[in-house]
Amino acid sequence: MDTSSPSIFVNGESLPLYFGKRVRAVVQVIQSDGAGTTAKSTDEHQLIIKGLPVIPPLNFVEVIGIADSNQSVNAEIWTDFGSTFDTASYNQLCKLANREFKALFL
């Protein structure tokens with residue numbers, strides 16, 4: 001496992017806190033055309049993911065990349081999780097990673 005460039009677990013609410021930093025998010029694809037992907041975060045925020053290939057709508061994707069605005073990520077690495085994913089658990093992980101247990105995740 002490469003630990004030289006860690007990524008911060010984020011959802012839509014916490015993404016703006018990490019502008020310019022490497023982040024990790026799971027999103028559900030709404031629309032994908034190869035140029036940009038409109039997606040929904042695990043806490044229901046709409047995000048734009050740049051640099052993804054065309055991914056089927058409603059699939060869940062983990063994206064690792066640079067937060068380049070309050071609502072967008074420039075993807076470097078992605079994993080397509082398919083059409084089922086436990087968004088509630090991931091969202092809780094993001095809350096823990098950005099609040100009381102932040103030191104464990106950075």
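In the annotation of an unreviewed UniProt entry, the entry for the chain reads REPLICATION PROTEIN A 14 kDa SUBUNIT A-RELATED, and the organism field reads Salix koriyanagi. In its Subcellular location (unreviewed entry) section, the UniProt record describing the chain reads: "Nucleus".

Asker: What is the right way to look at the pattern of salt bridges in this model?
Answerer: Note on pairing: side chains with opposite charge can pair once their charged atoms come close. Applying the stated criterion across every chain yields a total of five salt bridges. Of the charged contacts in the structure, one is a salt bridge between Glu76 and Arg22, with a shortest N-O distance of 2.9 Å. Taken together, the residues Glu76 in strand E6 (residues 72-82) and Arg22 in strand E2 (residues 22-32) connect sequence positions 54 residues apart. Using a relative accessible area of 41% as the deciding quantity, one classes Glu76 as partly exposed. Taking the shortest distance from any N to any O, the salt bridge between Glu62 and Arg24 comes out at 3.1 Å. Linking Glu62 in strand E5 (residues 60-69) with Arg24 in strand E2, this pair joins segments that are 38 residues apart in sequence.

Each value, and the rule that gives it
- Residues numbered from 1 in each chain as written.
- Predicted model: local features only at pLDDT ≥ 70, side-chain atom pairs only at ≥ 80, totals over all residues.
- Heavy atoms only, no water.
- UniProt positions renumbered as here; feature names shortened; annotations may be inferred.
- Salt bridge = Lys/Arg side-chain N within 4 Å of Asp/Glu carboxyl O.
- Helix = DSSP H or I, 4+ residues; strand = E, 2+ residues; numbered from the N terminus.
- Buried < 20%, exposed > 50% of the residue type's maximum accessible area, 1.4 Å probe, protein only.

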